[in-house]
Amino acid sequence: MPESALPLQGLKVLDISSFIAAPAAAVVLGDWGADVIKVEGPEGDPNRRIMHDSSNYPKSETNYPWHMDSRNKRSIVLDLKKPEARAALDRLIEKADVLICNFPPPVRDKLKLAYEDAKRVNPKLIYASLTGYGESGPDRDRPGFDATAYFARSGLLDAQRYEDGPPGVPGPAQGDRATAMALVSSILMALMHRMKTGEGAWVGTSLLGNGLWSCGVIAQAALVGAYLPHRPPPERPRSALGNIYRTADDRWLQLTIVRTDKLWAPLCEAMGLAPLIDDPRFATEPDRRARSAELAALLSAAFAKQPYEHWRKALAHHQVTFGVISRPQDVPDDQQAVACGAVVETKIAEMPRTLSNPIRLSFAEQRAAHPAPALGQHSEEILREVGLSAREVADLKASGAVK
Amino acid sequence: MSDALPLAGLLVLDVSTFIAAPAAATALADYGADVIKIEAPGEGDPHRHNYKRAATYPRSESNFPLQLDGRLKRSLALDLKKDEARPVLEKLIRRADVMIVNFPPPARERLKLRWEDIEPLNPRLVYCSLTGYGETGPDRDRPGFDVTAYFGRSGILDAARYEGGPPGLSLPAQGDRATAMTLVAAILLGLRHLDQTGKGSWVGTSLYANGAWANGTTLAGAAIGAKLVTREPPDRPRNALTNLYRTRDDRWLQLLVVRDDRLWATFCEVIGRPELFSDARFTDREERKRRALELHAEIAPIFAAKSYTEWEKILSTTGIPFGVIGRVVDVVDDEQARHAGIFAETSNPEVPRTVNNPIRLGFATPRVSGTPAAVGQNSEEILRELAYSEAEIDALKKAGALG
C-alpha cells in the first residue's frame, strides 16, 4: 500500500517526558516517520525499570514495556540541572519542530522548560504538554498517573464496579495509551495551524480530561443530574440473557441476547436445557426478567459443566451470538488481531512482535519497531548533528552535563 | 488566542452511527469544521434514542448523549437506499474534505460507500473508515461495539478482574470515545498528506486495534510469554497496607503506605490502634506482609466505621498516603476539572454543560455548542447550498429520499 514518504518524515521531535502517556505520543509520531530524540536525565526515564518496579506488570527477561514506549527513538542524556546542559538543550530546541513535556509545572519552572522559555528559543516550536490534572488549579502541581488521574479521580473506577463490589481494576498504562492519541491529535492540529500561519503553539491534554472524555456518557449524564446505579453482579443480573457466565475452564463468555423471544428456544437447545423451553416460569420475556436470578443460576450451573470451546461451538451451532471475553494471552495469536494490524512484527530480536499504534493510512505504513535505545546511546551523534564540535561534546561529557 | 479555529472551512460528512465515528466528527466540529451528519429520515442515527433505550444508560428526560455526539453538526436526512438520494450524496462528496464512514463492509458495498466507490468522485477526499475488527480477516464483516470489540476481544475485561472474580466492567462508550481520538489523528494525517501531495487518501482505525493499543503493555508482555499478573481481591491482599478499604458510606479508599518502615507507628496512631505498633505479630515489614490477612482483619473494620470524607480529612493531615477513588457525581463540580477545561457551558438550556474533547490548543478554544440538530433539521438549507431548487427538493421529499 505505501506509495509515498511517511507523513511525518523530517519532523524533529524532542521527547522530554517520562513514563508512558507522553512518550507513547512520541512513539506514534515516530511510527509515522518523525525523528524522535528522547532527552533523559542521568538516571534515565524511570519507565526503563517499571517492569521491575511495578507489581502490576507481567515480568519477563525482556524489557518489553521499554521497547514498546521507546521504539525507534534515539536517546541523549542531558543533566538539565547543570547550566552547560541547558545550552546544549537550547541547540536541540532551536532545531526541533515539536517538544513533548510532562514534568509537573514546578519542575518545568525550575528547569526553565515552560512554554514561554522554549518559545523564546524557537518561536515556531510546537510545545505539547501533558499533565495529570491540567495547567492551573489546586492540583496542577500533583504528579498524575494513569491509575490515579485517568481512572480514579475521574470516577471511572467507582463506576466500573459491581453493586457492593470493589472498584474496577485498571490495566497498566491503559489510560496513558488512550491519552497519547489525544496528544497526537493536538500536535497535528498545531502542525496544521503552523502550516497556515507560520506560528508555533502550545497544545496539550491532561490524564483527568481524557478519563472523563472516555466516560463521557456518565459524565454528561451527571451534568444533567442523571446517574447510573452500579451494575448488579452476575449472580443477580437485570437480565439473565444479557449476562456473563463462567465456563468449566474458568473463562467467561457474555450472552448478549436482545431478541430474546426469537432466541430463547435455540439458547435452551444449545445449553442442553431443552425442558426449559416450555417451562411456564420462563415463558415470556417479562417472566424471564422477573425471575432473572433464578434463570441465571440455572444457566450458570450449565455453563460451569463444560469448557469454553464446547460452548463456543454449541452456541454458534444454534446461532446464538455471544461476546468473546478474550484473555490477554489469546490476543497476540488471534488472526483478527493480525488482520486489523494491531499485532505486528518487529526488528527486535528479543521481542519479535509488538502492538502497532491504531492509526491506519492507505498511503503509508508504520515503521517497523527497532530496539529502544540504551541510555545515552546517541548523545554524541545528536549533539554533532546540531552543530557542536567534537571538542565541545567532550567538554560537556567531562562536566557531567552529558552522558 | 486568535479566533481562527484550526479546522474552519473544512467540510466533513459524518455518514456514521452510534459513537466512536460520530464522536470524532464532534471533535472536528469543536475545532471549527462544518460537519454534516447524514442520517436516515425518521429515526435518524439510532444513537439518538440510546438515552431512552439502552439499559446501560442513565435515565434522563433530556437527550444528554446527543450533546456529546451530535453537537455542532447539521443534520441532513437522506435515505441512502433510495436511488434518488445518490446524486445528492455525490454532490456533497465532491465538495467535502473529509468523509467518515462506519458501516460494516457488506453494507458499504451495498450502498456503494467503499473508498473505491468514492475516490473517483473526489480524489482529494480524506475517507475515514471505522470498523469493529479491521478491513480484512475472518471477522471484518462483524458489527463491532465498544464492549465487544474494544473491551472484550482485546483482553481488557479479562485482565481487569480480581482473582477468582468476574471480568471487569466497561462504561457506555468508554472505548468509543478513546477511539475517536485515534480517528481524529488519522484524519489529520490524511489532511497533512493532502497538503504535501495534493492527494486524498483512505485513513482509518478499528475498535479492536484501539482496545489492543490501550491494553498494549499487557499484550506486549503476553506476546513474549511474560507471566501475566492477577490482581488480589481487597479482602485477600498480598499487602494490607497498600490495599483498598471500604468506608462506612460504601466508598473505597486506596491505602498507599508503601514506606511502612517509616510510617507504621504513625499509621497505628492515625487509625486509633496504637497498640498494634507493639503487637508482636506485626513488628516489621516482613511480618506485616506475611500476615497480610491478619492485618487486613484488624484494619478493615476500622475503615468501615467512618465515612469517606472523615477518612479523607484524617489521612490528609497526617501524611499517610492514600489514593482518591472519585465519583462522577463529585467530578462534575470539581474545581480542578474546571481548571483543566474538561467541561464547557453550552447554549442548550436542556443540557447546559457538556464534556469537552480532551484536546487543548493555545491558539483556539472549542466552539460553544447549542441544541443539537433534529433529524433533517438542515436538509433543505444544505440542498439549497448545493443549488437544488425548491421543486427538486420537493421531489426528493416526495420520493422519500429526503427527510
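Please read these numbers as outputs of a predicted model, since none were measured by experiment.

**What to know about the packing of helix H9 (residues 174–197) of chain B against helix H10 (residues 207–214) of chain B**
Residue and element names in this part refer to chain B.
Here is step 1 of the chain: Axis separation between H9 and H10 bottoms out at 10 Å; the angle between their running directions is 95°. Of the possible angle classes, the one that applies to H9 and H10 is roughly perpendicular. Where H9 approaches H10, its residues Gly 175, Ala 178, Thr 179 and Thr 182 are matched on the opposing element by Leu 207, Asn 210, Gly 211 and Ala 214.
Here is step 2 of the chain: Each residue belonging to the contact of H9 with H10 can be placed in one class, and the counts come to three nonpolar, five polar and no charged.

**A few points about the domain arrangement of chain B**
Here is step 1 of the chain: In terms of domain boundaries, chain B breaks down into domain 1 (11–221 + 352–398) and domain 2 (244–329).
Here is step 2 of the chain: On a C-alpha basis, the centroid separation for the pair domain 1 of chain B and domain 2 of chain B is 46 Å.

**Things to note about helix H14 (residues 292–303) of chain A**
Residue and element names in this part refer to chain A.
Here is step 1 of the chain: A rise of 1.5 Å per residue sets the reference length of H14, with its twelve residues, at 16 Å; its end C-alpha atoms lie 16 Å apart and thus fit the reference within 8%.
Here is step 2 of the chain: Of all the positions in H14, only Ser 292, Leu 295, Ala 296, Leu 299 and Phe 303 are classed as buried. Buried positions in H14, seen along its axis, are confined to an arc of 100° and lie on one side of it. In this structure, H14 carries Ala 293 and Ala 301 as exposed residues pointing more than 90 degrees from its buried face.
Here is step 3 of the chain: On its buried face, H14 sits against strand S7 (244–246), helix H13 (285–290) and helix H15 (308–317).

**What about the pairing of strand S6 (residues 201–206) of chain B?**
Along a regular strand, successive side chains alternate from one face of the sheet to the other.
Here is step 1 of the chain: Here S6 of chain B lies mainly inside the structure; six of its six residues are buried.
Here is step 2 of the chain: Residues Ser 201, Val 203 and Thr 205 of chain B line one face of S6 of chain B and the alternating positions Trp 202, Gly 204 and Ser 206 of chain B line the opposite face, and both faces are buried.
Here is step 3 of the chain: Relative to S6 of chain B, strand S12 (residues 360–361) of chain A is paired through two bridges, and the arrangement is antiparallel. Considered in S6 of chain B, the bridge of Leu 361 of chain A is made with Val 203 of chain B.

**Observations regarding the sheet that holds strand S12 (residues 360–361) of chain B**
Here is step 1 of the chain: In space, the seven strands of this open sheet follow the order S3(A)-S2(A)-S1(A)-S4(A)-S5(A)-S6(A)-S12(B), with mixed pairing throughout. Two strands lie at the open edges of the sheet, namely strand S3 (73–77) of chain A together with S12 of chain B, each paired on one side alone.
Here is step 2 of the chain: With five bridges connecting them, strand S2 (residues 35–40) of chain A and S3 of chain A associate as parallel partners. Residue pairing across strands places Ile 37 of chain A opposite Arg 74 of chain A, the latter belonging to S3 of chain A.
Here is step 3 of the chain: Sitting on the sheet, helix H9 (residues 174–197) of chain A touches strand S4 (98–101), strand S5 (126–131) and strand S6 (201–206) of chain A together with S12 of chain B, and the angle it makes with S6 of chain A is about 165°.

**Quick look at the sheet that holds strand S9 (residues 322–324) of chain B**
Residue and element names in this part refer to chain B.
Here is step 1 of the chain: Here three strands make up an open sheet; going across it, the order is S7-S8-S9 and the pairing antiparallel. Here the strands that pair on one side only, and so sit at the sheet edges, are strand S7 (244–246) and S9. Along the sheet, successive strands turn relative to each other by an average axial angle of 35°, direction set aside.
Here is step 2 of the chain: As paired elements, S7 and strand S8 (residues 252–255) share three bridges and run antiparallel to each other. When the sheet's bridge partners are listed, Tyr 245 is paired in S8 with Leu 253.

**Re the domain arrangement of chain A**
Here is step 1 of the chain: What the domain assignment reports for chain A is domain 1 (12–220 + 342–399) and domain 2 (244–329).
Here is step 2 of the chain: Relative to domain 2 of chain A, the C-alpha centre of domain 1 of chain A lies at a distance of 45 Å.

**Some points on the packing of helix H1 (residues 20–30) of chain B against H9 of chain B**
Working note: a packed helix pair is described by the angle between its axes plus the distance between those axes.
Residue and element names in this part refer to chain B.
Here is step 1 of the chain: Relative orientation of the contacting elements H1 and H9 amounts to 55°, with a least axis distance of 8 Å. Put simply, H1 runs oblique to H9. Once H1 is placed against H9, the crossing between them reads as right-handed. Packed against H1, whose contacting residues are Ala 20, Ala 21, Ala 23, Ala 24, Ala 27 and Leu 28, the element H9 presents Asp 176, Arg 177, Thr 179, Ala 180, Leu 183 and Val 184 at the interface.

Quick notes on the rules
Residues numbered from 1 in each chain as written. Chains lettered and ligands numbered in written order. Predicted model: local features only at pLDDT ≥ 70, side-chain atom pairs only at ≥ 80, totals over all residues. Axes fitted to C-alpha atoms, helices over the stretch in contact; angles between N-to-C directions. Helix = DSSP H or I, 4+ residues; strand = E, 2+ residues; numbered from the N terminus. Parallel < 35°, antiparallel > 145°, perpendicular 65-115°, else oblique. Contact = placed C-beta atoms within 7 Å. Nonpolar A, V, L, I, M, F, W, Y, C, P; charged D, E, K, R; others polar. Domains from an automatic or database assignment. Expected span 1.5 Å × (residues − 1). Buried ≥ 20, exposed ≤ 12 C-beta atoms within 10 Å, placed from the backbone. Arc of directions from axis to C-beta. Pairing = 2+ DSSP bridges. Left-handed = near helix turned anticlockwise from the far one by under 90°.

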